[in-house]
Each structure stands twice: as structure tokens, then as C-alpha cells.
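Structural overview for review
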Amino acid sequence: MKFAEEYALAESNLFQKTVLEFMPAALKKMPVPRGDHDDVMVYAKVTSDDVGNVAIPDWQDLNGEVILEMEPESCHLIPFESVHQLVEDGNIQLM
């Protein structure tokens, strides 16, 4: 949890210094609508030896997929939709 809090703070500070600082004041408070959460990203750790490969969306080709090798004890930032069944089976742990 401490890592996640420090990471979020560092990312927020970087965004403030590189983007928000140069935006007009009127745009800084513009609300951004959230989608239907199909692409919610989660941190996940592989806890089983036999997970295999997982297909994730290819962000450059909206109709394509990328195959990600899920090695034991590896950690990933990955769309929840791609690993939800593995989480339910206990092969992957959300961090």
C-alpha cells in the first residue's frame, strides 16, 4: 500500500510539473467522464506456476491483442478484464 501511495504521489507531481503547469486555468478543472470500466488497470502478481499466457488488448491496434507471458512471481500492470478469471481461480493476486 505504501508503494502504491508513493507511486501515485510521484505520478501526480510529474503530471503537475509537465502538463498542468502549462494549461490554461479554465482547462485544469474540466471533468473527465469515466467509461464503463472495461479497461480498468490493476497491479497483479502471479502466484501460481501454471498460469501460462494472457491476451491483453493491443493499444496501437484496437482490433488486435498482445500475448503476455505470466511467469511465476512476476508483477504486471494489466487490464482487469484480462485476468479476472485467474484472480477468481487464485492463480493471480491483486496488489
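Residues numbered from 1 in each chain as written. Predicted model: local features only at pLDDT ≥ 70, side-chain atom pairs only at ≥ 80, totals over all residues. Heavy atoms only, no water.

Overview of the nonpolar core
We count it as follows: To define a nonpolar core, start from buried Ala, Val, Leu, Ile, Met, Phe, Trp, Tyr and Cys residues and group those joined through side-chain atoms within 4.5 Å. Note on exposure labels: buried denotes an accessible area under 20% of the residue type's maximum, exposed denotes more than 50%, and partly exposed covers the range between, all computed with a 1.4 Å probe on protein chains only. Numbered from the N terminus, helices here are DSSP runs of H or I no shorter than four residues, and strands are runs of E no shorter than two. Should any heavy atoms of two residues lie within 4.5 Å, those residues are counted as being in contact.
By size, the foremost hydrophobic cluster in this structure holds eleven residues: Val-42, Ala-44, Val-46, Val-51, Val-54, Ile-56, Met-70, Ile-78, Val-83, Leu-86 and Ile-92. Among the elements that make up this core, the one with the highest residue count is strand S1 (residues 41-46) (three residues). Apart from the residues within four sequence positions on either side, Leu-86 is in contact with Val-51, Val-54, Asn-91 and Ile-92.

Quick word on the pairing of S1
The following threshold applies: By definition, two strands form a pair when at least two bridges between them are found by DSSP.
Here S1 shows one buried face, formed by Val-42, Ala-44 and Val-46, and one open face, formed by Met-41, Tyr-43 and Lys-45. With five bridges connecting them, S1 and strand S4 (residues 75-79) associate as antiparallel partners. Looking at S4, one finds that Lys-45 is bridged to Cys-75. With three bridges connecting them, S1 and strand S5 (residues 92-94) associate as antiparallel partners. From the neighbouring strand, Ala-44 faces S5, where its bridge partner is Leu-94.

So, the sheet that holds S5
Sheet strands associate in pairs through backbone hydrogen bonding, adopting either a parallel or an antiparallel arrangement. Just so we agree on the cut-off: The axes are straight lines fitted to the C-alpha atoms, using for helices just the contacting stretch, and the angles between their N-to-C directions are given from 0 to 180°.
An order of S4-S1-S5 is seen for the three strands of this open sheet, with the pairing classed as antiparallel. In this open sheet, the two strands that pair with only one neighbour each are S4 and S5. Averaged over neighbouring strand pairs, the angle between their axes works out to 40° when direction is ignored. Helix-sheet contacts for helix H3 (residues 80-89) involve S1, S4 and S5, and the interaxial angle to S4 is about 115°.

Brief notes about the packing of aromatic side chains
Worth spelling out the cut-off: Here a Phe, Tyr or Trp ring, Trp counted by its six-membered ring, pairs with any other such ring whose centre lies within 6.5 Å, and the pair is stacked when the planes are under 30 degrees apart, edge-to-face when over 60, and tilted otherwise.
Taken as a whole and assessed by the stated rule, the structure comprises two aromatic pairs. Chaining the aromatic ring pairs together yields one cluster made of Phe-3, Tyr-7 and Tyr-43.

Side note on a nonpolar patch on the surface
Quick note on the threshold: Patch membership needs two things, relative accessible area over 30% and no salt bridge, and members are linked within 9 Å if like-charged or within 5 Å if nonpolar (Val, Leu, Ile, Met, Phe, Trp, Tyr). Methods summary: accessible areas were calculated by the Shrake-Rupley approach with a probe of 1.4 Å, and residue burial reflects only the protein chains presented. One speaks of a salt bridge when a side-chain nitrogen belonging to Lys or Arg is within 4 Å of a carboxyl oxygen belonging to Asp or Glu.
A contiguous nonpolar patch, built from Phe-3, Tyr-7, Met-41, Tyr-43, Trp-59, Leu-77 and Met-95 and spanning about 780 Å² of accessible area, is present on the exposed surface. Elements with a minimum of two residues in the nonpolar patch: helix H1 (2-18) and S1. Along the polypeptide, Phe-3 turns up in helix H1. For Phe-3, a relative accessible area of 57% corresponds to the exposed category.

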